[in-house]
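One letter stands for each residue in the lines below.
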Amino acid sequence: MNKFLTLTCAAMLTPVLAHGAFQLDSRYQDTDGDLVADIPTEASKLVDPSTLVFAYTPVEDPAVYKEVWSEFLDHLAETTGKKVQFFPVQSNAAQIEAMRAGRLHIAGFNTGSNPLAVACAGLRPFTMMAAADGSFGYEMEILSYPGSGIEKVEDIRGSEMAFTSQTSNSGFKAPSAILKADYNMVAGEDFEPVFSGKHDNSILGVANKDYPAAAVANSVLKRMLRRDVVSEDQLVSLYKSQTFPTTGYGIAHNLTPELQKKIQEAFFSFEWEGTALEEEFSKSGEAQFVPITFKNHWEVIRKIDAANGVEYNCR
């Protein structure tokens, strides 16, 4: 067993290597076969909080995104009639645990942790960001820096490579599967893996020559380039993957149906023009929220998990 394919979400998860269909934790029901938790039918199991808590996936410093999301959260409060609080999570694990424990109601989970949040925290994804023409997604890129001695992916063998976190699709799961399948390279055997914690840490680490190579989401890279946090001459792209779905936004399964409907309405009625959300996410080509289903849009991500032999047991 390759220990670097063991996914851990604090004490909440016991990850195993197995081969089987995607499965929800036993606390959730999926009677309609859409692969997400059903809304409870018993009134005693539904919640209608006076304050809604929202979190955005921790791809960069959460302080950056509190202001970015402020106008949207005002719109969410007006649409739902609830107070809304931004929750600056520091890790994917903390975000998933908060929803599982009932402390987080609405969240954008990164691509790789969406299946974990669905299976173990009862996330019901319904939307993601897309361009004005409806196109969406990002690519995983493997980066190095000029003069590193790494000019192609094969040169990483015997060196060090940075990942972000073990729940990240582009920051760990996709590159692990691709490196193994296409290059016969396994972390811990053919190169030394290190974990930076976030995509911006990995990108800055390569740009500052702390890491000889790193796997990142290029949506984050594009935003950092446009903010002049890093420059193109500091980086070399060694590999670009197929397009993956981006951050998926969803709702805790046990919010009342009426509240869930209002939350979805808030996402799809939000006017982006002139907002901080537009200013930030236009840097990666995004301009609207579009409907998605976990069953269809996350199929490729579940296949990557299967290729890595990963299945989640939640406790």
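Criteria and thresholds
- Residues numbered from 1 in each chain as written.
- Predicted model: local features only at pLDDT ≥ 70, side-chain atom pairs only at ≥ 80, totals over all residues.
- Heavy atoms only, no water.
- UniProt positions renumbered as here; feature names shortened; annotations may be inferred.
- Helix = DSSP H or I, 4+ residues; strand = E, 2+ residues; numbered from the N terminus.
- Rg over C-alpha atoms; globule rule 2.2 N^0.38 Å.
- Buried < 20%, exposed > 50% of the residue type's maximum accessible area, 1.4 Å probe, protein only.
- Contact = heavy atoms within 4.5 Å.
- Lys, Arg positive; Asp, Glu negative; His and termini not counted.
- Charge placed at Lys NZ, Arg CZ, Asp CG, Glu CD.
- Arc of directions from axis to C-beta.
- Core = buried A, V, L, I, M, F, W, Y, C linked by side-chain atoms within 4.5 Å.

- As named in an unreviewed UniProt entry, the protein is Phosphate/phosphite/phosphonate ABC transporter substrate-binding protein, taken from Marinobacter daepoensis.
- Annotation of the protein in UniProt includes, under Sequence similarities (unreviewed entry), the sentence "Belongs to the phosphate/phosphite/phosphonate binding protein family."

**Focus on the overall build of the protein**
Next, step 1: Check the secondary structure of the protein and you find 11 helices and 13 strands.
Next, step 2: By the compact-globule yardstick of 20 Å for 315 residues, the protein fits well, its C-alpha radius of gyration being 19 Å.
Next, step 3: In the protein, which comprises 315 residues, the share counted as buried stands at 56%.
Next, step 4: Expressed as a percentage of contacts within the protein between residues at least 6 apart in sequence, the contacts between residues at least 24 apart total 79%.
Next, step 5: Side chains of the protein carry 27 positive and 41 negative charges; the gap between the two charge centres is 5 Å.

**Some points on helix H2 (residues 70-80)**
Next, step 1: Buried residues of H2: Phe-72, Leu-73, His-75, Leu-76, Thr-79 and Thr-80, and no others. Looking down the long axis of H2, one finds its buried residues gathered within 155 degrees of arc, a one-sided arrangement. Away from its buried face by more than 90 degrees, H2 exposes Asp-74 and Glu-78.
Next, step 2: Structurally, H2 contributes buried residues whose contacts are with strand S2 (51-56), strand S3 (83-86), strand S4 (106-109), helix H8 (257-269) and strand S12 (288-291).

**Details of the nonpolar core**
Next, step 1: Trp-69, Ile-156 and Ile-263 are the most contacted members of the largest nonpolar core, which has 96 residues in total.
Next, step 2: In terms of residues, this core owes the most to one element, helix H4 (residues 114-121), which gives 6 residues.
Next, step 3: Contact partners of Trp-69, with chain neighbours within four places excluded, come to Phe-54, Tyr-56, Phe-86, Met-129, Tyr-249, Leu-277, Phe-281 and Phe-289.

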